[in-house]
Amino acid sequence: MESTVLKIEEFYAYFGDHCVLNNVSLSIPRNKVTAVMGPSGCGKTTLIRCINRMHELIPGTRVSGKIFLLDEDVYATNPIIVRRKIGMVFQRPNPFPTMSIYDNVIAGYKLNGIRLAKSESGRIVEESLRKSALWYEVKDVLHRKGTFLSGGQQQRLCLARALAMNPEIILLDEPTSALDPKSTSHIEELITQLENDVTIIIVTHNTAQAARISDFTAFMYLGEMIEFGPTERMFTVPQDKRTEEYLTGKFG
Amino acid sequence: MKSGIGFRVAKDVIFRGMIILFSILSGIPLIVILYFIVKNGISSINWDFIVNLPKPVGEIGGGVSNAIIGTFILIIISSIISVPIGLSAGIYLSENRRGKIPYVVRLCVETLQGIPSIVIGIIAYTWIVIPMKSPSALSGGVALGIMMLPVIIRTTEETLNLIPISLREASLALGVPYFRTILRVVLPAGLSGIVTGILLSIARITGETAPLLFTAFGSNFMNLNVFKPIASLPLVIFNYATSPYNEWISLAWGASFVLVVLALGLNLIAKLVVRKWKVQF
Amino acid sequence: MLKIAKKNKKRDRLNISESVFRKILYLAGICMIVIIFTIFLTLLVKSLPAFRTLGVHFLYGKTWDPVSSEFGSIPFLVGTLITSFLSLIISIPFSLSISIFLGEYFREGMASSLIKSSMELLAGIPSVIYGFCGIFILVPVVRAIEMKLGITPMGVGIFTASIVLSIMVIPYSASLGREVIQLVPSELKEAAFSLGATRYEVIRKVVLPYARSGIFAGILLSLGRALGETMAVTMVIGNMNAIPKNIFSPSNTMASVIANEFMEASPGSLHLSSLVAVGLLLFVVTAVVNIIGKYIIKKLSVEI
């Protein structure tokens, strides 16, 4: 029986007067990989940025509706606390250039002034790097700065950094679009392994990727949630005509 | 038409030659100045010069120790005043790129940069020397601090503007509050540029004399009290160079040497800071 | 219950730190506005006694004599304007050459680094040292020239001050000019070359016109610097409070008269107030030059 970790109810988001999310409702199942896909401009990135309240950092934006993380109203809680429970990996890898790999992984703790015992932080670093399949490549150079790593490795470092906070959900915003095919398949492997520990929501414009790695798929178009369901069913017997047209490449 | 082309080619060659000539000529004053300062200055520098206080005319062995210490005290005071405000204003402008008030603030910073240093001296005199009824190191430090502000603010803003937004976003997405994001992620990433700005502004005010004429005023004694007048290298140079005494004039050459080494040295260090500390994205 | 209370406390603490931080940044910005206004108002208020007593005579009076309480600022306006413009005229061929040298002919390499470094060094030498060297190196030379020309060999005066000033302002216009010249798109230059133009012609007819707003901006920057320059000028201009008769006359600029007489004037006196008025005049003149400069640059760049 699947339980719901995130409930989005009648959610609207605006850039000034322009409505980018139009009455979106969605229930994200726990410990599964959910892909959000759609053509450019459909609002998928805006949606996940509303989940961890990054959208409101842009001036002139407005939202209405509710988002519940387990039973907490995300918009009634301090955004900082929300963001500590929801991790995010961005399109372009962005490790902190002034910190070592070790410090990058526990950056979430360090920057928040949370003191960890050395044994504790060492454990978290190793565990997170193992989960993101980077441990063996960097375990001897943990105290070097992370900028010498390749793109794929940097992205896995960012994943480790997000995982170290032990979040409920990890949001991935087109995490492999800036990477080469080999690194892409590494990351895709990781994602499927991680779902036992954490719920994953991945935004992707690559339908093949969504088909490969997700359990559930949501299809968005022009700010609206068109269809949501198990990936296998969506890709074989889509309910909505627009879903079918997108999947067969008629647009997007 | 062959002669036409020949004429044009000749013009081209002559032009290039003139450009090179004028460029080289521009460097000559520099060589002359440095030559004289080194030649006359080094002969004045000895242990007495560095350690002693100025002596009355006729006595040998006078030094500029009070001016050297004074210069450093003034640098410290002006930095204490200008660095916190300058950094904060620079961060403010970088974080608020649009808007009416940031626009006005930027305008004020640019205006401040263009104000002649002696006018700033008048202001410091009015606001600090008059109420205190005495010239002081403090008033000199304030005047110099005001002059440091535009450079610090401008370099801080420019440096921070170059830092990609993704860095801020990475930190904010981890749930780090805004002020910690700025202080512990953005600022460290821009540290080399910011430090360079501070060093350059110090280099600029080290040699400033005009604002000190009626604020710090100068002194013949060693003074560590910031509420009293204080000596400084540029003031010593100004006073001794325009004096008729040969001993004082040699002291001025020595002081000039020290001052030039200090000012140019700071510039050099600033350049090295950029090279070694610059963070790559 | 306790957990929620703790959470609320933490949230409140975070909120407070956030807003305090933002307020501090905002205040720092406002501080700058306050400083500018303070400067302007202070100058205005402290010079009011002079304007009240002397009236408009301050602005067109040709005599400045503290003893007889006559304070006309014309000598200093003339001194400032002549030295500044003269120094510009002298420096422009040199700074323009350097801009072209670094921007066109020698963009990289040893020659480029050498000239670039010497510009930086020139800009880094303190003003008082320029004055010092001016006294001991340049003044004897000018004195010799004056003797040859049959003029009173003082050595100090407008001519000497202008030369020293011109050396000091070269780095400013040179660096700005170089930046703009480097920015000229190569496609334009290549089009000209492909039509058979020589390098000189390309520079004269394509590069310089394109870069003219930046070059002009550099010149104005130099002018602003020259107008406010105090120490070097004070040390070699001869310090005479009268309108200069010719280019070799001693004179005074607005900045140098303040430097010379400020400490000698008794606090609260008309003399001091007049000096502050001269400071106000200097402030206004430099501000106007800067504003005009920015306006012209905006107009010229928009045309491009």
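Residues numbered from 1 in each chain as written. Chains lettered and ligands numbered in written order. Predicted model: local features only at pLDDT ≥ 70, side-chain atom pairs only at ≥ 80, totals over all residues.

1. Comments concerning the sheet that holds strand β2 (residues 18-29) of chain A
Residue and element names in this part refer to chain A. This is how the line gets drawn: If DSSP finds at least two bridges between two strands, the strands pair. Working definition: helices are DSSP H or I runs of at least four residues, strands are E runs of at least two. Numbering for both runs from the N terminus. Working definition of a contact: two residues with C-beta atoms, positioned from the backbone, lying within 7 Å. Where helices are involved, their axes are fitted lines through C-alpha atoms of the stretch in contact, as for all axes, and angles between N-to-C directions lie from 0 to 180°.
In spatial order, the strands read β2-β1-β4-β5; together these 4 strands make up an open sheet with antiparallel pairing. If you trace the sheet from one side to the other, it starts and ends with β2 and β5 (72-73), each paired once. The sheet contact formed by strand β1 (residues 4-15) and strand β4 (residues 61-69) spans 8 bridges and is antiparallel. Bridge pairing in β4 links A13 to V63. On the sheet, helix α1 (residues 44-51) packs against β1, β2 and β4 and is oriented at approximately 65 degrees with respect to β2.

2. Thoughts on the domain arrangement of chain C
Residue and element names in this part refer to chain C. Inclusion rule: The split of the chain into domains comes from an automatic or database domain assignment. The nonpolar class holds Ala, Val, Leu, Ile, Met, Phe, Trp, Tyr, Cys and Pro. Asp, Glu, Lys and Arg form the charged class, and all remaining residues, Gly among them, are polar.
Domain annotation for chain C reports domain 1 (2-54) and domain 2 (59-303). Computed over C-alpha atoms only, the centres of domain 1 and domain 2 are separated by 36 Å. At the interface, 9 residues of domain 1 touch 9 residues of domain 2. The class makeup of the residues in the side of domain 1 that touches domain 2 is 6 nonpolar, 2 polar and 1 charged.

3. Description of the interface of chain C and chain B
Contacts between the two partners involve 62 residues from chain C and, on the opposite side, 65 residues from chain B. With 17 residues, the single largest contributor to the side of chain C that touches chain B is helix α1 (residues 2-54) of chain C. Classifying every residue of the side of chain C that touches chain B by side-chain character gives 44 nonpolar, 14 polar and 4 charged.

4. A short note on the confidence of the model for chain C
Note the cut-off: What pLDDT expresses is the predictor's confidence in each residue, scored from 0 to 100.
When pLDDT is averaged across chain C, the result is 87; 95% of the residues are at 70 or more. Here the predicted complex scores 0.83 on pTM and 0.89 on ipTM.

5. Observations concerning the sheet that holds strand β10 (residues 224-230) of chain A
Residue and element names in this part refer to chain A. Read across the sheet, 6 strands follow the order β6-β7-β8-β3-β9-β10 without closing on themselves; strand pairing throughout is mixed. Since the sheet does not close on itself, it has two edges, and those belong to β6 (86-89) and β10, each with one partner. Looking at each pair of strands side by side, their axes are set apart by 20 degrees on average, direction ignored. For strand β3 (residues 33-37) and strand β9 (residues 216-221), the ladder comprises 4 bridges, and the chain directions are parallel. Counterpart to A35 in the pairing with β9 is T217. Across the face of the sheet, helix α7 (residues 151-163) comes into contact with β6 and β7 (169-173) while running at roughly 170 degrees to β6.

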